[in-house]
Amino acid sequence: MDTIKALEQAVAVCTDCRLCETRTFSVPGEGSETSDILFIGEGPGFHEDQQGRPFVGPSGKLLDDLLGLIGLSRPDVYIANVVKCRPPNNRDPLPEEIKACRKYLDQQIRLIDPKVIVTLGRFSLIRFLPQETISKVHGQPRLWGHRYIFPMYHPAAALHQGNLRHVLEEDMRKLPVLLQLIQTESLAEENVAEEPPQPEQLTML
Ligand code: URA
Ligand code: SF4
């Protein structure tokens, strides 16, 4: 699985957990393989399972709108999920399913090598920051290795709770600011002229 293409092919025929028994299509993910931003949702829903593509139902429409707010569209980013096959009736993915599928997400992160990983929802968040709760940390970037984790609510949450849409919009608008800061930071590193910005600077976001 040393290319995204090979990974997608492996996911398409994967039988490493029980979700393979009930899926229509697995959903490896899609988008720019060289994007600075990787969005990670929870798992395919009904529409995604039917089409084999991530975020193509109502949550996907909202995600598209949120991307549009910051002048981006789908081909500018990569969109993946914690589990690649739909849990029946949209139940939560089970620990053993998340574990079996982990290798694919790990490899996607390695291959795409994003600067920022945007976690959408709780399952995606705890994959990286297991101690955190979304209501506390959404919209606050965290350094994770040499990348940032940027936690957001899941778009589906805003479809059920209208007031969260505003929160999602506010958080999304912080994303270009974070990328700009990271850019400045790497320029500073190249010049070795000054210390890179300290994490506290990110509290400006
Ligand atoms: N919800 C998710 O978490 N992922 C999708 O791909 C679609 C809906
Ligand atoms: Fe394989 Fe992941 Fe699908 Fe399970 S969810 S069958 S591990 S691709």
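Relevant structure appears above.
Residues numbered from 1 in each chain as written. Chains lettered and ligands numbered in written order. Predicted model: local features only at pLDDT ≥ 70, side-chain atom pairs only at ≥ 80, totals over all residues. Heavy atoms only, no water.

Focus on the sheet that holds strand S6 (residues 147–152)
Line of reasoning, step 1. Across the sheet, six strands lie side by side as S1-S3-S2-S4-S6-S5; this open sheet has mixed pairing. Both edges of this open sheet fall to strand S1 (30–31) and strand S5 (142–144), since each of them pairs with a single strand only.
Line of reasoning, step 2. The pairing of strand S4 (residues 116–120) with S6 spans five bridges and is classified as parallel. Residue pairing in the sheet places valine 116 in a bridge with tyrosine 148 of S6.
Line of reasoning, step 3. Helix H4 (residues 95–112) contacts strand S2 (37–41), strand S3 (78–81), S4 and S6 of the sheet and is inclined by roughly 165° relative to S3. (Pairing = 2+ DSSP bridges. Helix = DSSP H or I, 4+ residues; strand = E, 2+ residues; numbered from the N terminus. Contact = heavy atoms within 4.5 Å. Axes fitted to C-alpha atoms, helices over the stretch in contact; angles between N-to-C directions.)

Here's the deal with the site of ligand 1
Line of reasoning, step 1. Inspection of the region around ligand 1 gives Gly41, Glu42, Gly43, Glu48, Pro54, Phe55, Asn81 and His154 as its neighbouring residues.
Line of reasoning, step 2. One nitrogen or oxygen atom from the main chain of glutamate 42 is found 2.8 Å from an oxygen atom belonging to ligand 1.
Line of reasoning, step 3. One of the side-chain nitrogen or oxygen atoms of histidine 154 is found 2.8 Å away from an oxygen atom of ligand 1.
Line of reasoning, step 4. Expressed as a share of its isolated accessible area of 240 Å², the protein-covered part of ligand 1 is 93%.
Line of reasoning, step 5. Classifying every residue of the shell around ligand 1 gives two nonpolar, four polar and two charged. (Near = heavy atom within 4 Å. Polar contact = N/O pair within 3.5 Å; in protein donor to acceptor, adjacent residues only side chain to side chain. Areas by Shrake-Rupley, 256 points an atom, 1.4 Å probe, with all protein chains shown as cover. Nonpolar A, V, L, I, M, F, W, Y, C, P; charged D, E, K, R; others polar.)

Focus on the packing of aromatic side chains
Line of reasoning, step 1. Going through the model one piece at a time under the given rule, you end up with one aromatic pair.
Line of reasoning, step 2. Between the aromatic rings of phenylalanine 128 and tryptophan 144, the centroid separation amounts to 4.9 Å while the plane-to-plane angle is 90°, which identifies the pairing as edge-to-face. Of this pair, phenylalanine 128 sits in helix H5 (residues 122–128) while tryptophan 144 sits in strand S5; the two residues are 16 residues apart in sequence, bridging distant segments of the chain.
Line of reasoning, step 3. Sitting over the face of the ring of phenylalanine 123, arginine 122 holds its NZ or CZ atom 4.8 Å from the ring centroid. (Phe/Tyr/Trp six-rings, centres within 6.5 Å; stacked < 30°, edge-to-face > 60°. Lys NZ or Arg CZ within 6 Å of the ring centre and 35° of its normal.)

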